[in-house]
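# Observations on chain architecture
Residue strings, one per chain:
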Amino acid sequence: MEAPERRARLIAEARDWIGTPYLHRASLKGHGTDCLGLIRGVWRAVVGPEPQGLPAYAPDWAEATRAEQMADAAGRHMRAVPLDAIAPGDVLLFRWREGFPAKHAALLVSGDRMVHAHDGAAVAEVCLAPWWRRRLAFAFAFPGA
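In this model, Arg25 sits at a positive phi of 70°, which is unusual for a non-glycine residue. Here Arg25 lies in the loop between α1 (3–16) and β1 (27–28).

Our focus in this paragraph is helix α4 (residues 69–77). The complete set of buried residues in α4 reads Met70, Ala71, Ala73 and Ala74. Burial along α4 is one-sided: seen end-on, the buried residues are contained in an arc of 165°.

Okay, the nonpolar core next. Here is a general trend for soluble globular proteins: nonpolar side chains tend to be buried in one another's company. Ile39, Val42, Met78, Leu93, Leu107 and Phe142 are the most contacted members of the largest nonpolar core, which totals 27 residues. Residue contributions to this core peak at six residues, all from helix α2 (residues 35–46). Ile86, Leu108, Leu136 and Ala141 belong to the second-largest nonpolar core, a separate cluster that totals twelve residues.

Moving on to the sheet that holds strand β6 (residues 113–116). Judged by pairing direction, the sheet is antiparallel, and its six strands sit side by side in the order β3-β8-β4-β5-β6-β7 without closing on themselves. The open sheet has two free edges, formed respectively by β3 (79–80) and β7 (124–127), since each of these has just one partner strand. Note: β6 against β7, four bridges, orientation antiparallel. Paired with Val115 across the bridge in β7 is Glu125. Here α2 sits on the sheet in contact with β4 (91–94), β5 (104–110) and β6, set at roughly 50° to β5. The strands that α4 touches are β4, β5 and β8 (136–141); relative to β8, the one it contacts most, it runs at about 20°.

Two elements in contact, α1 and α2, have axes separated by 9 Å at closest approach and are oriented at 130°. Looking at the two axes, α1 sits oblique to α2. The two elements α1 and α2 cross, and the hand of that crossing is right-handed. Contact residues: α1 offers Arg6, Arg9, Leu10, Glu13 and Ala14, while α2 offers Leu38, Gly41, Val42, Ala45 and Val46. Of the residues belonging to the contact of α1 with α2, the class tally is six nonpolar, one polar and three charged.

A separate point is the packing of aromatic side chains. Counted by the stated rule, this structure contains six aromatic pairs. On the basis of an interplanar angle of 20° and a centroid distance of 6.4 Å, the ring pair of Phe138 and Phe140 is categorised as stacked. Among the aromatic residues, those joined into a ring-pair cluster are Phe94, Trp96, Trp131 and Trp132. The positively charged end of Arg135 is found above the aromatic ring belonging to Trp131, 3.7 Å away from the centroid.

What counts and what doesn't
Residues numbered from 1 in each chain as written. Predicted model: local features only at pLDDT ≥ 70, side-chain atom pairs only at ≥ 80, totals over all residues. Heavy atoms only, no water. Helix = DSSP H or I, 4+ residues; strand = E, 2+ residues; numbered from the N terminus. Buried < 20%, exposed > 50% of the residue type's maximum accessible area, 1.4 Å probe, protein only. Arc of directions from axis to C-beta. Core = buried A, V, L, I, M, F, W, Y, C linked by side-chain atoms within 4.5 Å. Pairing = 2+ DSSP bridges. Contact = heavy atoms within 4.5 Å. Axes fitted to C-alpha atoms, helices over the stretch in contact; angles between N-to-C directions. Parallel < 35°, antiparallel > 145°, perpendicular 65-115°, else oblique. Left-handed = near helix turned anticlockwise from the far one by under 90°. Nonpolar A, V, L, I, M, F, W, Y, C, P; charged D, E, K, R; others polar. Phe/Tyr/Trp six-rings, centres within 6.5 Å; stacked < 30°, edge-to-face > 60°. Lys NZ or Arg CZ within 6 Å of the ring centre and 35° of its normal.

Spatial relationships are all this shows, so hold off on functional conclusions.
Written as structure tokens, this is what we have:
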């Protein structure tokens, strides 16, 4: 599959998760997911089997370790993208606060919109507003995209 077609499939799949309730550590479209589960589900639908197992993690895992575990894992399986070159279909990782590891993931679906799962809400498509842009820490492209 060519890169533009793969990106279109990634975006369509992410949008197909809209409305899935938030559920920590879950990744089942229509039933429950967290932000990482959304990215995992998109991977399974478009790329294939997940490339590594999911370690146990608590909601405060990033604060406890201070390590860039999410970015490191993404970097093992995806291509890093400069933040000034993000494109629809890329995975975005955010820091909740400066100095903390990135622990929130979303999929960019247009130049200024993303799909993400957020605690207390269902998966939604939202604007990549200045608040989010200030917290953007890493970006990655899926294999073949």
